[in-house]
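Summary of structural features
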Amino acid sequence: MNLQLYHFDLPLRHVFTIARESISVQPTLIVELEEQGVRGYGEATTNPYYGATIENMTNALQGVREELQRHEIGDPAELWQALHPALKDHPFAQCALDQAAHDLWGKRRGQPVYRLWGLTTERLPLTNYTIGIDTIDVMVAKMREFPGWPVYKVKLGTEHDLEIVRQLRRHTDAVFRVDANCGWTADETLRNAEVLKTLNVEFIEQPLAADRWDDMRRVYRESALPVIADESCIVEADVERCAGHFHGINIKLPKCGGLTPARRMIQRARELQMRVMVGCMTESTVGISAIAQLLPLLDYVDMDGALLLAEDIATGVRIDQGRCIYPQEPGHGIQLTRRPQ
Ligand code: MG
């Protein structure tokens with residue numbers, strides 16, 4: 001297989017603010033794996049919290065270029081295992097490569113990847129549309145730009161979180177889920193959960209800082225709403241630790257290293273009776289189409305990343321008011337529509 005790397009700066013529709021940062025452009029690395037003229041694509045966006053940059057992802061992948069040239073596409077899980085020693089400190093890079101391997105694998109076999117895994121798409125969770133932090137008026141306006149969605153995910157971690165949700169609730173009957181991105185204390189979480197439950201919020205994502213395990217255990221036992229781990233659940237080993245501290249986990253493909261470890265995390269979470277969500281990290285349709293392959297295995301999904309962009313770079317899976325529409329093409333069905341400058 002031949003490796004190509006492309007760097008894009010994805011302009012966002014709005015400045016996107018969460019509890020710890022604001023961005024208006026999302027840099028992303030696209031991995032292309034080519035075999036006999038067939039091309040598979042994968043993606044990892046940069047992330048300061050997790051230390052992923054275009055430069056360190058690129059360097060890590062350049063280091064496995066020759067090894068890739070010796071491989072033909074087969075089971076992507078085996079390729080993941082073979083490359084893991086070289087890429088274990090670079091999960092974002094390994095994720096982008098693992099996605100590209102899956103897309104290529106499906107394209108070479110003429111089947112969507114979910115079907116090669118033995119899954120069907122009869123029952124799928126609906127994705128939320130995410131509303132980043134802003135003034136309340138702007139948050140309401142952002143929601144009204146995407147009307148009629150069944151679920152909205154509201155980013156919180158401000159001085160007036162409950163007021164934000166109250167005001168949004170005046171404009172829709174949709175389900176809400178909230179994400180505090182580590183912005184609350186345990187007492188705040190328990191107080192907020194009582195009120196948010198009355199506002200038809202279904203769960204709280206990562207209320208506390210990632211390492212507050214004792215506080216999290218208390219919140220898990222006493223909260224009026226389920227709590228879902230995100231920053232506390234990064235790699236496979238974290239799933240075990242989240243049991244008894246969270247009601248579920250939100251898996252992000254770049255954090256854990258791709259589809260291959262994500263499937264193992266889903267299985268382990270099920271064994272531990274936890275709910276499972278997969279989230280996105282402001283990816284284009286390249287990364288979103290990879291997430292879509294996992295949908296039949298999930299309770300919840302947050303795969304609106306490409307809709308937060310002012311301009312996309314690929315075709316593949318589309319999202320229509322929370323519903324995932326799969327492309328006709330095999331693999332993840334990705335075609336790049338833009339080449340980097
Ligand atoms: Mg989150």
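See above for the structure.
Notes on the structure follow. (Residues numbered from 1 in each chain as written. Predicted model: local features only at pLDDT ≥ 70, side-chain atom pairs only at ≥ 80, totals over all residues. Heavy atoms only, no water.)

Now for the layout of surface pockets. When its volume is computed, the largest pocket comes out at roughly 410 Å³. Together, 27 residues line the largest pocket, and Phe16, Ile18, Asn47, Met281 and Thr282 are the ones closest to its centre. At the level of elements, β1 (2–18), β2 (21–35) and β5 (151–155) are the ones that each hand at least two residues to the lining of the largest pocket. In terms of residue count, β2 provides more of the lining of the largest pocket than any other element does, five residues in total. Partitioning the lining of the largest pocket into residue classes produces ten nonpolar, seven polar and ten charged. (1 Å grid on protein atoms, 1.4 Å probe; cavity = no way out; pocket = protein on both sides within 12 Å on 5 of 7 lines; lining within 4 Å. Points joined across faces, edges and corners; volume = space filled by probe spheres on them. Helix = DSSP H or I, 4+ residues; strand = E, 2+ residues; numbered from the N terminus. Nonpolar A, V, L, I, M, F, W, Y, C, P; charged D, E, K, R; others polar.)

The subject of this paragraph is the coordination of the magnesium ion. Donor atoms from the polypeptide that bind the magnesium ion are Asp179 (OD), Glu205 (OE) and Asp230 (OD), placed at 2.0 to 2.2 Å. Donor residues for the magnesium ion, ordered by position in the chain, follow D-x25-E-x24-D. With aspartate 179 in strand β6 (residues 175–179) and glutamate 205 in strand β7 (residues 201–205), this residue pair connects regions lying 26 residues apart in the sequence. Since its relative accessible area comes to 0%, aspartate 179 is described here as buried. Take glutamate 205: its relative accessible area is 0%, and that puts it in the buried class. (Donors = N, O, S within 2.8 Å, 3.2 Å for Na, K, Ca; no water. Buried < 20%, exposed > 50% of the residue type's maximum accessible area, 1.4 Å probe, protein only.)

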